[in-house]
Amino acid sequence: SQTIHQWPATLVQPVGSPLSLECTVEGTSNPNLYWYRQAAGRGLQLLFYSVGIGQISSEVPQNLSASRPQDRQFILSSKKLLLSDSGFYLCAWGGQRNTEAFFGQGTRLTVV
Amino acid sequence: AQSVTQLGSHVSVSEGALVLLRCNYSSSVPPYLFWYVQYPNQGLQLLLKYTSAATLVKGINGFEAEFKKSETSFHLTKPSAHMSDAAEYFCAVTTNRDDKIIFGKGTRLHILP
């Protein structure tokens, strides 16, 4: 069966520090991968998605970047965190078009 | 581009009462629609999905939703609310022309004893 792993569960980082959040999927190949951010009152905001290795689509211009170095690995990064980067970050995977997404447990990021 | 609008950021119902969470979509091509539930500090769990087959879709935990093209709606219902239904619910949309899945802003469901 397919599983998705996302870590860490919580993270407190100072302003200006770098960020790296990792997500891996097991039990499937060539998944679509997604990074969402959840902030109070704003629902789930799609940040990045990827349909294959090295293929990244950015939805919202911001202080973050994403990479997909391997088929089932998706990384969210920042060189210098801002206070506004605080939020709940969710990684998800999906099949081809028209299929649902399956979510990891999320990372609660607090920038201080 | 497709989008969904969830009416009501907070909904309160009494235990045993009907649950109705509203979702309207916008899409220039036939949509595929989903409802998810999120418990505090957890990821999202799929409740049900509409994929152009039956317009009335049954999901887990007694929830169901009806796709109404004329109203561009996909409202979520449950006949009798339980305390355990208290959570945040998200409607989402995608199409066969897009790799993105777009979510609404969510509705927090409160169950009153």
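Everything here concerns the structure above.
Keep in mind that what you see is a predicted model, and the values were worked out from it rather than measured.

Details of the overall build of chain B
- In terms of helices and strands, chain B carries zero helices and eleven strands.
- Counting helices and strands in the order they occur from the N terminus, chain B gives β-β-β-β-β-β-β-β-β-β-β.
- Computed over the C-alpha atoms, the radius of gyration of chain B is 13 Å, within 12% of the 13 Å expected from 2.2 N^0.38 for a compact globule of 113 residues.
- Long-range contacts, defined here as pairs at least 24 residues apart, represent 56% of the contacts in chain B between residues at least 6 apart.

Thoughts on the nonpolar core
- Counting 46 residues, the largest nonpolar core has Phe103 of chain A together with Trp35, Tyr36, Tyr89 and Phe103 of chain B as its most contacted members.
- Ignoring any residue separated from it by four or fewer positions in sequence, one finds Phe103 of chain B in contact with Tyr36, Leu44 and Phe103 of chain A together with Val4, Tyr36, Leu44, Phe90, Cys91 and Ala92 of chain B.
- In terms of nonpolar packing, the next biggest core, distinct from the first, is built from 19 residues, Ile4, Leu33, Phe74 and Cys91 of chain A among them.

Quick word on the side chain of Gln6 of chain B
Residues and elements named next belong to chain B.
- For Gln6, the position within the fold is in strand 1 (residues 3-7).
- Residue classification places Gln6 among the buried residues on the basis of a relative accessible area of 10%.
- Side-chain polar atoms of Gln6 contact the backbone nitrogen of Cys91, separated by 2.9 Å.
- Engagement of the side chain of Gln6 in a polar contact is seen with the backbone nitrogen of Gly106, the distance being 3.1 Å.
- Setting aside residues up to four positions removed in sequence, Gln6 forms contacts with Arg22, Trp35, Tyr89, Phe90, Cys91, Gly104, Lys105, Gly106 and Thr107.

Thoughts on the interface of chain B and chain A
- With 25 residues of chain B at the contact, the number on the chain A side is 23 residues.
- The three residues of chain B that bury the most area against chain A are Asp99, Lys100 and Ile101 of chain B, which together make up 29% of that side's buried surface.
- Across the contact surface, chain B and chain A share two salt bridges.
- The salt bridge partner of Lys49 of chain B is Glu100 of chain A, with a shortest N-O separation of 3.0 Å.
- Remark: the boundary between chain B and chain A carries seven residue pairs in polar contact (both at pLDDT 80 or more).

As for the layout of surface pockets
- Space inside the largest pocket adds up to approximately 370 Å³.
- What lines the largest pocket is a set of 19 residues, and nearest its centre among them are Gln38, Ala40 and Gly41 of chain A together with Glu88 and Arg108 of chain B.

Section: the state of the cysteines
All names here are of chain B.
- One pass over the full model with this rule turns up two disulfides over all chains.
- Paired through a disulfide, Cys23 and Cys91 show a sulfur-sulfur distance of 2.0 Å. Taking the sign of the S-S torsion, -65 degrees for the link of Cys23 and Cys91, the bridge is left-handed. Taken together, the positions of Cys23 in strand 3 (residues 19-26) and Cys91 in strand 9 (residues 87-95) put the pair 68 residues apart, joining distant regions of the chain.

Focus: empty space enclosed by the protein
- Evaluation of the coordinates by the stated rule reveals one cavity of 30 Å³ or more.
- The space that makes up the largest cavity amounts to roughly 40 Å³.
- Lining the largest cavity are Asn32, Tyr34, Gly95, Gln96, Arg97, Asn98 and Thr99 of chain A together with Thr94, Asp98, Asp99 and Ile101 of chain B.
- Residues belonging to the lining of the largest cavity are distributed by class as follows: two nonpolar, six polar and three charged.

Reading the values: the criteria
Residues numbered from 1 in each chain as written. Chains lettered and ligands numbered in written order. Predicted model: local features only at pLDDT ≥ 70, side-chain atom pairs only at ≥ 80, totals over all residues. Heavy atoms only, no water. Helix = DSSP H or I, 4+ residues; strand = E, 2+ residues; numbered from the N terminus. Rg over C-alpha atoms; globule rule 2.2 N^0.38 Å. Contact = heavy atoms within 4.5 Å. Core = buried A, V, L, I, M, F, W, Y, C linked by side-chain atoms within 4.5 Å. Buried < 20%, exposed > 50% of the residue type's maximum accessible area, 1.4 Å probe, protein only. Polar contact = N/O pair within 3.5 Å; in protein donor to acceptor, adjacent residues only side chain to side chain. Buried area = accessible area lost by both parts, 1.4 Å probe. Salt bridge = Lys/Arg side-chain N within 4 Å of Asp/Glu carboxyl O. 1 Å grid on protein atoms, 1.4 Å probe; cavity = no way out; pocket = protein on both sides within 12 Å on 5 of 7 lines; lining within 4 Å. Points joined across faces, edges and corners; volume = space filled by probe spheres on them. Disulfide = S-S within 2.5 Å. Nonpolar A, V, L, I, M, F, W, Y, C, P; charged D, E, K, R; others polar.

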